[in-house]
Amino acid sequence: MPEGTLCNKLPINTKEELLTLLADKSGKKYYEEMNSLEVNVPALKALLDKTCKSRTRTWLEICSHCGMCADSCFFYLANHKDPRQVPSYKIQTTLGEMVRKNGNVDNAFMQMVMDTAWGKCTCCNRCGMYCPFGIDMGVMFSYLRGICFSQGFVPWEMKIGSGMHRVYRAQMDVTSEDWVDTCEWMAEENEEDWPGLQIPVDKENADIIYTVNAREPKHYPEDVAHAAILFHLAGENWTVPSQGWEETSLAMFAGDWEGCRLQVQGVYDAMERLKPKRMVVTECGHAYRATVIEGPYWAGLKSGKTPVPSFHYVEWVAEALRTGKLKIDPSKKIKEPVTYQDSCNYIRNAGLKDCAREIMSYIAEDFREMLPNKEHNFCCGGGGGLNGIGRYREQRNIGLKVKRDQILATGAKLVITPCHNCWDAIRDMEEVYHIGIRWSFLKPLLLQMVVVPDHLKPEE
Amino acid sequence: MFEKILFATTGTPICDNAAHVAFDIAKKYHSKIYTFHVLGLPSRGFSQYVVDARTGEEECYDQDYVSWVREELQNTYDKYLSDCKDYEIESVAGIPHTEILRKARQKSVDLIVMGAHSRQEETGATRYRGAVGTNMQKVARGARCPVLIVSRPCTTCLWYFSNIVFGTDFSKSSFSAFLFAYKLAREIGSKLYIFHSLDLSHVHAGKVISQEDIEVKIQEARQKIEKLYVPHMADYDNYEIGIWEGIPYVEILKFSRAKNADLIVMAHHTKEVDADQAILGSTVEQVVLRASCPVASVNHPDKVSG
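About the thresholds
- Residues numbered from 1 in each chain as written.
- Chains lettered and ligands numbered in written order.
- Predicted model: local features only at pLDDT ≥ 70, side-chain atom pairs only at ≥ 80, totals over all residues.
- Helix = DSSP H or I, 4+ residues; strand = E, 2+ residues; numbered from the N terminus.
- Buried ≥ 20, exposed ≤ 12 C-beta atoms within 10 Å, placed from the backbone.
- Contact = placed C-beta atoms within 7 Å.
- Rg over C-alpha atoms; globule rule 2.2 N^0.38 Å.
- Domains from an automatic or database assignment.
- Nonpolar A, V, L, I, M, F, W, Y, C, P; charged D, E, K, R; others polar.
- Axes fitted to C-alpha atoms, helices over the stretch in contact; angles between N-to-C directions.
- Parallel < 35°, antiparallel > 145°, perpendicular 65-115°, else oblique.
- Left-handed = near helix turned anticlockwise from the far one by under 90°.
- Pairing = 2+ DSSP bridges.
- Core = buried A, V, L, I, M, F, W, Y, C linked by C-beta atoms within 7 Å.
- Arc of directions from axis to C-beta.
- Expected span 1.5 Å × (residues − 1).
- pLDDT = per-residue confidence, 0-100.

## Side note on the overall build of chain B
Turning to step 1, where the next piece is worked out: Looking only at helices and strands, one finds 10 helices and 12 strands in chain B.
Turning to step 2, where the next piece is worked out: Across the 306 residues in chain B, those meeting the buried criterion constitute 49%.
Turning to step 3, where the next piece is worked out: Considering only intrachain contacts with a sequence separation of at least 6, the fraction spanning at least 24 residues in chain B is 76%.

In structure tokens:
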């Protein structure tokens, strides 16, 4: 059975394999090899038999092609209502066809499936809300990605991403030493301005264990500092784990189910080891979905819940503002029109819309909702891993138009984006379309307006 | 004094003046010099793409590309490197000020040398948290060691350094700057000028100060200098105190010219790091942009006390 040296059915498990794959500029050789990658039909059949259960089969069966899902999909809207972008069409021609043929498919079909599963769907699950039968194409595409991954038909960056998790237990090459060192560095750098500031590592029985997105220590360590300062101001008893600190899961985007399990297991182990009262994750949408919503099932936790109660950063901020742990200086509230990007992963798919509104009521004088909003909001355009995949850059940029027009319609020039993917997509949107907007996480904005108690001010 | 120097460069002609000074100092003090270039800004989510800092083009960040950039740097600074005994060239992708500070901390360097700003060659890469242009400010503020900023050709730098001007506003960080200026002057036998400018910029807001008041304040400043700094210099007497009144950055520039200074030492402790305000936001930045000699910014005692 022809297998490429780079493009094959084996996941990445070592640093060497990772480096070899990375050295293949833009995945040129990888995608060439993909053209001759043979489909393992018996394995595909077996996988469908084992994992394609009644819910999925029923969904595929009962779809009446009514087209109610069409207008729910931002890809459909951004592509001039191209019928090939209708969610039900997309899933029927891929997973539907695969199931009907009982896995008897060829290389060209699998490449088409891959290009659809990653290039035409961000698994934002919006279509599922509009289907009269409640058929969730996003859930099925997530499942389909897993099938593609098992057969080696996965975008180059996604294979790297899942490999990073397997090798580093992080989406980027950040080791535990790098992480702990970054925490020490940030504490040092801010100790003069914030006397008593600490970033406690591996402290047992803390009230909060804080976990992050690996991009923070890698590229924006100040985000870790901002989190520390806000916890410090709120008087929280908190800690970060030296292992199991990374919450994100490119393995989830890649459909690497085993990688998903390995990743969340590390985080749950940290919870077991340090016994915090609860966990708070940084401003990242898919990290929350992976670790809090889906993770327990990957890890086989019968309760369907994380070992300790887990919260998204917006939940913590809303609580801190509500209870007065953090106080906003009224004169420093955001005066200009400002809008909020509802992340699919923690708003639509986890119901945290009210936290976002509550926060805005404390910090903004002129909050403007996008239309539609809350659980009906559109994906930023870069979710599901799409931001990072070079092969679908053009499709991604076209898809951004829907979000662009939503933002422009609010009249706001500042977009609050408490999600790394949304933040990236909106940043890229500005680069592509030049609409003159700014975008920000919550932390830096809060730091500008929070009241600093006298005893926490530096001496001058 | 400078065992390890980090020369942070864009790798473009805008850093030529800084390169000249950095390698000269390394040569004089037999320092190990790290030539460090942040080659591009991470982009496209978690992907392997970076926006190259020099061209603004999208590039694939891998070992190949990094070695190519290193080779380019080697060629660019070849004329200096041939004189260096101990050097390393490194390049990474990231947000420039973050990576410069990370490297400085990792290698525990004694001095960072960099150009003042890269605004003249702004590329698409700058559309990123307003990163470029405030790098100098962020590095100067965050670094635990002195940061030497070189924005123009140094016309007075003959042999690093003969006349050092230390400008003070009597802040806590200014004391770190003083320690550095004094130690350097003492070690290399240069003349140290301790300078303070009485800030009269508020006069424009309608407040009038009489000549008598000015003279009283000048006297007070002199006493402050004698109390704060002079006792720390033991028997060192090759210093002079200068107090002029006016707009601080103008006065320090005039004073430095008058004294033929080849180094100005100041603390850079403005809290404001707003991207739009930063570059022209404070005295030290005005001095950096206008001075004809290098300006050292020292804010922390770590590398200068003891």
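This is not the end of the story, as more comes after the structure.
## Quick word on the overall build of chain A
Turning to step 1, where the next piece is worked out: Scanning chain A from N- to C-terminus turns up 22 helices and eight strands.
Turning to step 2, where the next piece is worked out: Against the 2.2 N^0.38 benchmark of 23 Å for 460 residues, chain A shows a C-alpha radius of gyration of 22 Å, consistent with a compact globule.
Turning to step 3, where the next piece is worked out: Oriented by its inertia axes, the alpha-carbon framework of chain A measures out at about 75 × 45 × 40 Å.
Turning to step 4, where the next piece is worked out: A total of 460 residues make up chain A; the buried ones form 53% of that total.
Turning to step 5, where the next piece is worked out: Summarising the internal contacts of chain A: among those between residues at least 6 apart in sequence, 81% fall at separations of at least 24.

## Side note on the domain arrangement of chain A
Residues and elements named next belong to chain A.
Turning to step 1, where the next piece is worked out: Split into domains, chain A comes out as domain 1 (39-154), domain 2 (167-322) and domain 3 (327-449).
Turning to step 2, where the next piece is worked out: Taking only C-alpha atoms into account, the centre of domain 1 sits 32 Å from that of domain 2.
Turning to step 3, where the next piece is worked out: Contact residues are listed per partner, giving five residues for domain 1 and four residues for domain 2.
Turning to step 4, where the next piece is worked out: Across the side of domain 1 that touches domain 2, the residue classes tally to three nonpolar, one polar and one charged.

## Side note on unusual backbone geometry
Residues and elements named next belong to chain A.
Turning to step 1, where the next piece is worked out: Of the consecutive residues Leu371 and Pro372, the connecting peptide bond is found in the cis state with omega at -10°.
Turning to step 2, where the next piece is worked out: Considering the arrangement of structural elements, one finds Pro372 in the loop between strand S6 (367-368) and helix H20 (393-410).
Turning to step 3, where the next piece is worked out: Notably, Asp202 is not glycine yet its phi reads approximately 55°, a positive angle.
Turning to step 4, where the next piece is worked out: C-beta crowding within 10 Å serves as the criterion here: with 15 such atoms nearby, Asp202 is assigned to the partly exposed category.
Turning to step 5, where the next piece is worked out: Of note, the phi angle at Asn205 is positive, near 60°, even though the residue is not glycine.

## Thoughts on the packing of helix H7 (residues 107-119) of chain A against helix H9 (residues 137-150) of chain A
Residues and elements named next belong to chain A.
Turning to step 1, where the next piece is worked out: Direction vectors running N to C along H7 and H9 enclose 140°, while the axes themselves pass 10 Å from each other. Here H9 runs oblique to H7, going by the angle between their axes. For the element pair H7 and H9, the recorded crossing hand is left-handed. On H9, the residues touching Met110, Val113, Met114 and Ala117 of H7 are Phe141, Leu144, Arg145 and Cys148.

## Here's the deal with the sheet that holds S6(A)
All names here are of chain A.
Turning to step 1, where the next piece is worked out: The strand order S6-S5-S7-S8 describes an open sheet built from four strands, whose pairing is parallel. Pairing within the sheet leaves two strands with one partner each, and these edge strands are S6 and strand S8 (438-440).
Turning to step 2, where the next piece is worked out: Inspection of the sheet shows strand S5 (residues 338-340) paired to strand S7 (residues 414-416) by three bridges, in the parallel sense. Note that in S7 the partner of Val338 across the bridge is Leu414.

## A closer look at the nonpolar core
Turning to step 1, where the next piece is worked out: Counting 143 residues, the largest nonpolar core has Leu144(A), Cys148(A), Ala228(A), Val317(A) and Ile359(A) as the members making the most contacts within it.
Turning to step 2, where the next piece is worked out: Not counting residues up to four positions away in its chain, the partners in contact with Ile359(A) are Val314(A), Val317(A), Ala318(A) and Leu321(A).

## Topic: the sheet that holds strand S1 (residues 208-211) of chain A
Residues and elements named next belong to chain A.
Turning to step 1, where the next piece is worked out: Strand order across the open sheet formed by four strands is S2-S1-S3-S4, with parallel pairing between neighbours. For this open sheet the edge positions go to strand S2 (238-239) and strand S4 (310-312), each flanked by a neighbour on one side alone.
Turning to step 2, where the next piece is worked out: Two elements, strand S3 (residues 278-281) and S4, share three bridges in a ladder whose sense is parallel. Looking at the pairing, Met279 lines up with Ser310 of S4.

## What about helix H4 (residues 54-62) of chain A?
Think of an α-helix as 3.6 residues a turn; residues three or four steps apart then line up on the same face.
Residues and elements named next belong to chain A.
Turning to step 1, where the next piece is worked out: Inspection of H4 places Thr56, Trp59 and Leu60 among the buried residues, and these make up the whole buried set. Seen along its axis, H4 keeps its buried residues to an arc of 95°; they face one direction. More than 90 degrees from the buried face of H4, the exposed residues found are Ser54, Thr58, Glu61 and Ile62.
Turning to step 2, where the next piece is worked out: Those residues of H4 that are buried lie in contact with helix H6 (87-100) and H9.

## Concerning the interface of chain B and chain A
Turning to step 1, where the next piece is worked out: In this assembly, 19 residues from chain B lie in contact with 25 residues from chain A.
Turning to step 2, where the next piece is worked out: Secondary-structure elements contributing two or more residues to the side of chain B that touches chain A are helix H2 (63-76) and helix H4 (96-107) of chain B.
Turning to step 3, where the next piece is worked out: Per-class residue counts for the side of chain B that touches chain A are five nonpolar, eight polar and six charged.

## Considerations on the environment of Phe2(B)
All names here are of chain B.
Turning to step 1, where the next piece is worked out: Relative to the helices and strands, Phe2 is located in the segment before strand S1 (4-8).
Turning to step 2, where the next piece is worked out: Along the chain, Phe2 and Asp110 lie 108 residues apart, while their C-alpha atoms are 5.4 Å from each other.
Turning to step 3, where the next piece is worked out: With residues up to four places along the chain from it excluded, the contact list for Phe2 reads Ile25, Tyr29, Ser31, Asp110 and Leu111.

## Here we look at H2(B)
All names here are of chain B.
Turning to step 1, where the next piece is worked out: Spanning 14 residues, H2 covers 20 Å between terminal C-alpha atoms, matching the ideal 20 Å at 1.5 Å per step.
Turning to step 2, where the next piece is worked out: Residues Tyr65, Val69, Leu73 and Thr76 constitute the buried set of H2. Relative to the axis of H2, the buried residues are bounded by an arc of 80° and lie together on one face. The exposed residues of H2 that point more than 90 degrees off its buried face are Gln63, Ser67, Glu71 and Asn75.

## Digging into the confidence of the model for chain B
Residue and element names in this part refer to chain B.
Turning to step 1, where the next piece is worked out: Counting all residues, the mean pLDDT for chain B is 84, and 87% of those residues have values of 70 or more.
Turning to step 2, where the next piece is worked out: Contacts for the low-pLDDT stretch residues 120-133, under 50 throughout, to residues beyond four places or in other chains number 30 contacts.
Turning to step 3, where the next piece is worked out: Contacts of residues 272-281 to residues separated by more than four positions or lying in other chains number 19 contacts, the stretch itself having pLDDT below 50.
Turning to step 4, where the next piece is worked out: Two numbers describe this predicted complex: its pTM, 0.91, and its ipTM, 0.86.

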